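Descriptive structure summary
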Amino acid sequence: MRRLTSVKQYGLIEGALLALAPFALLMAHNKAGQFPALMPPLAAFFTAGCGLAAARLLFLNPRYGKLFGWLFWIGALVGTLPILIGNPFAALLFATFFIISGFALTDFKVDYQELLTTPRAERCRQRAAGAALVLGGAVLVSASLNQPDYLEARMCFILSALASLWLLLRWVRLSQRRHVSWFYSAAAGMLLLPLLVSLVSGRTRAVALFIALLMSIPLYRFRRTAAPREHWWELVLNHPGRTLFSTFLTLCTFGALLLNLSFSTVRPEIPFIDKLFTAVSAVCVTGLSVLDISKEFTLTGQIFIMVLIQLGGLGIMTIATAAMHAIGKRLSLSQERLMSSLTDSDHQDLTRSLKLILKFTFIVEGCGALLLAAGFMLDGFAPATALFLPAYFSGRTIPLAARLAITTTLVLLVAGTVSVLIFEWDKGLAGFGLAGKINNAWFQSATFRTAGFNSINVAAATTPTYIVMILYMFIGGSPGGTAGGVKTTTLAVLAITFWNNVTGSGDLNIQNRHISHYIVYRAVTIVMASGLVLLAATMMLTITQPIAPRELLFEVTSALATVGLSIGATPQLDGIGKVLIILTMFIGRIGPLTMFMLLDDAHSQTNAHYPYAKITLN
């Protein structure tokens with residue numbers, strides 16, 4: 001059962017749609033190309049009408065409201081394509097917006113009981129807040145993209161500003177504060193003149209931004225005097241999935257700004273998209289690069305990159321919690337719950353787990369230069385899992401999750417070594433002796449899933465080896481480590497499920513432990529979600545890049561699994577291709593973990609039991 005959309009979310013969505021709908025009229029400015037000349041204006045008015053209809057019907061009739069919402073979403077996506085194709089920064093910005101809005105629209109479901117008991121003034125306040133956010137955001141986005149200030153754009157900003165002012169006046173009228181109502185009614189009337197004059201003077205964006213800022217004052221003050229509410233940062237920090245997303249997004253943004261400083265690069269003319277790519281690759285511990293790090297970045301820039309790798313690997317929350325413990329500070333109960341979810345540990349073992357993570361990381365990093373191959377193999381494990389290795393090999397009992405991770409990793413290492421030996425014996429391994437062949441095959445079997453280093457020419461690998469590399473990168477490492485992929489435990493759960501179905505066994509029982517169907521559902525969801533991201537990114541790159549699909553599939557898989565292996569296609573990408581790989585790396589770094597945490601939601605449980613359905617599968 002999906003979680004119901006709260007009144008706050010509903011009001012924000014309704015106001016945002018109302019203020020956003022006029023900007024669909026910008027589609028009328030697009031060239032018709034091979035289509036009739038009337039096609040762009042008709043498409044623009046149709047899309048704007050769908051936005052207004054969605055804002056109106058989402059509450060009255062959610063089914064039709066969502067239908068018009070999706071039509072508006074599709075129309076806006078098609079209308080912005082001319083801008084996205086020629087501007088990588090715009091592509092990244094709008095891709096993020098369309099992904100978030102698409103998920104919000106999919107998950108939208110009205111809680112009528114809450115809406116009917118909520119005062120109309122509160123709903124109107126949320127609408128005005130959503131409109132103000134969209135209006136101010138539209139001004140900032142337009143300015144950052146250096147969009148020309150033509151007549152159609154001014155008209156769109158004026159219509160959006162008028163809609164926002166109308167929502168503000170509705171709220172102050174319903175708030176039963178006459179002096180406030182008179183003041184803002186007079187202020188809105190006074191703003192109409194400069195707003196209309198800006199249609200000719202060309203200062204529309206400045207006036208619209210002023211209106212958005214002016215609207216935020218009464219909305220914020222009213223919120224402060226209302227009943228205590230949960231702050232926005234509490235909504236982020238009290239949810240593990242949101243915390244992961246926000247911390248990694250903050251790290252990537254901050255890292256890109258650091259690398260954009262003049263003393264971080266050797267050449268000042270390096271495009272910002274390349275610096276952003278480098279920052280995201282470092283934070284996501286991927287290793288893909290469009291620049292030569294040793295030549296294009298100064299020592300300061302290389303230090304920044306090294307710090308980003310360290311922070312991205314350990315995580316800001318882990319470091320912050322360890323620092324608080326070091327200075328004697330205690331975590332609140334909500335913070336302990338959050339960190340327990342992020343580290344997959346009990347409340348009692350939280351501090352011990354964090355110390356273990358830090359000690360293990362620094363010890364492995366310190367010894368990595370001496371024992372690279374073993375270090376890469378350990379990189380596939382979480383710190384807590386790696387410490388169970390002695391007990392595993394001595395035959396002692398260890399937790400089932402650790403046993404599955406270790407067993408699956410060892411099977412993959414052996415199978416990968418044998419596969420590379422067979423397929424590359426007289427090809428990529430032709431120049432080595434017997435010991436060298438085995439050593440390099442073992443090395444590649446370990447790094448295919450984790451580090452991304454190569455001792456053979458992967459670009460010249462045979463087709464069977466190519467398939468093995470794709471499969472191993474997609475699987476990735478074990479939960480809790482820095483390696484990406486769908487994780488070894490996910491593969492183990494699916495393999496056990498497969499074997500139980502083939503042999504006709506009942507429940508999933510192993511080592512006197514029962515694996516619940518909920519774990520199986522989550523494993524299937526992770527594999528399906530990762531596969532959909534892989535397919536979508538590969539398709540988009542195939543459409544936009546003049547590069548062989550075989551090479552693009554390899555680069556996308558490497559980015560999604562945060563492995564970093566490349567067969568040379570990444571440096572050939574244009575701006576749009578780099579944006580797609582940036583998004584893929586980011587999703588790959590937080591995706592599986594975030595999916596686990598978002599799926600683990602009390603609102604998604606239901607005690608209802610329905611009759612079994614019979615569905616033919618084969």
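The following paragraphs examine the structure supplied in this document. Owing to the predicted nature of the structure, the values given are computational and were not obtained by experimental measurement.

**Re the overall build of the protein chain**
From N to C terminus, the protein chain includes 27 helices and 2 strands. Across the 618 residues of the protein chain, 46% fall into the buried class. Contacts in the protein chain between residues far apart in sequence, at least 24 positions, make up 69% of those at least 6 positions apart. Accessible surface computed for the protein chain: about 32,500 Å², of which carbon and sulfur atoms make up 68%.

**Describing the nonpolar core**
Formed by 54 residues in total, the largest nonpolar core has its most connected members in Leu276, Phe277, Val280, Leu541, Ile581, Ile582 and Met585. When residues of this core are assigned to their parent elements, the largest contribution, 9 residues, is made by helix α27 (residues 575-599). Grouped together as the second largest cluster of nonpolar side chains are 40 residues, Ala24, Leu25, Phe72 and Leu165 included.

**Section: the pattern of salt bridges**
A complete count under the given rule lists 5 salt bridges for this structure. Linking Arg267 and Glu269 is a salt bridge whose minimum nitrogen-to-oxygen distance equals 3.3 Å. A salt bridge links Arg267 to Glu296, with the shortest nitrogen-to-oxygen separation between them at 3.0 Å. With Arg267 in the loop between α11 (240-259) and α12 (272-283) and Glu296 in helix α13 (residues 293-296), this residue pair connects regions lying 29 residues apart in the sequence.

**A few points about the state of the cysteines**
By definition, a disulfide links two cysteine residues through a covalent bond between their sulfur atoms. Per the counting criterion, the structure on display carries 0 disulfides. In this structure Cys252 is a free cysteine whose sulfur lies 4.8 Å from that of Cys284, the closest cysteine sulfur available. The exposure class assigned to Cys252 is buried, which follows from its relative accessible area of 4%.

**Some words on the environment of Pro479**
Position of Pro479 relative to the elements: it lies in the loop between α23 (463-475) and α24 (488-503). Residue Pro479 is classed as partly exposed on the basis of its relative accessible area of 31%.

**Points about the side chain of Arg154**
Structurally, Arg154 can be placed in helix α7 (residues 151-174). Taking relative accessible area as the criterion, Arg154 reaches 17% and is therefore assigned buried. If we skip the residues at most four places from it in the chain, Arg154 touches Asp149, Ser198, Leu199, Val200, Gly202 and Thr204.

**Topic: the packing of aromatic side chains**
By the definition in use, this model includes 4 aromatic pairs. Ring plane angle 80 degrees and centroid distance 5.0 Å describe the contact between Phe23 and Phe157, whose orientation is recorded as edge-to-face. With Phe23 in the loop between α1 (7-20) and α2 (39-60) and Phe157 in helix α7, this residue pair connects regions lying 134 residues apart in the sequence. You'll find Phe23 and Phe157 in the same group, each marked buried. Between the NZ or CZ atom of Lys437 and the centre of the ring of Trp425, over which it lies, the distance is 4.6 Å. Directly above the aromatic system of Tyr466 lies the positively charged group of Arg550, at a separation of 4.1 Å from the ring centroid.

What counts, and where the lines are drawn
Residues numbered from 1 in each chain as written. Predicted model: local features only at pLDDT ≥ 70, side-chain atom pairs only at ≥ 80, totals over all residues. Heavy atoms only, no water. Helix = DSSP H or I, 4+ residues; strand = E, 2+ residues; numbered from the N terminus. Buried < 20%, exposed > 50% of the residue type's maximum accessible area, 1.4 Å probe, protein only. Contact = heavy atoms within 4.5 Å. Areas by Shrake-Rupley, 256 points an atom, 1.4 Å probe, with all protein chains shown as cover. Core = buried A, V, L, I, M, F, W, Y, C linked by side-chain atoms within 4.5 Å. Salt bridge = Lys/Arg side-chain N within 4 Å of Asp/Glu carboxyl O. Disulfide = S-S within 2.5 Å. Phe/Tyr/Trp six-rings, centres within 6.5 Å; stacked < 30°, edge-to-face > 60°. Lys NZ or Arg CZ within 6 Å of the ring centre and 35° of its normal.

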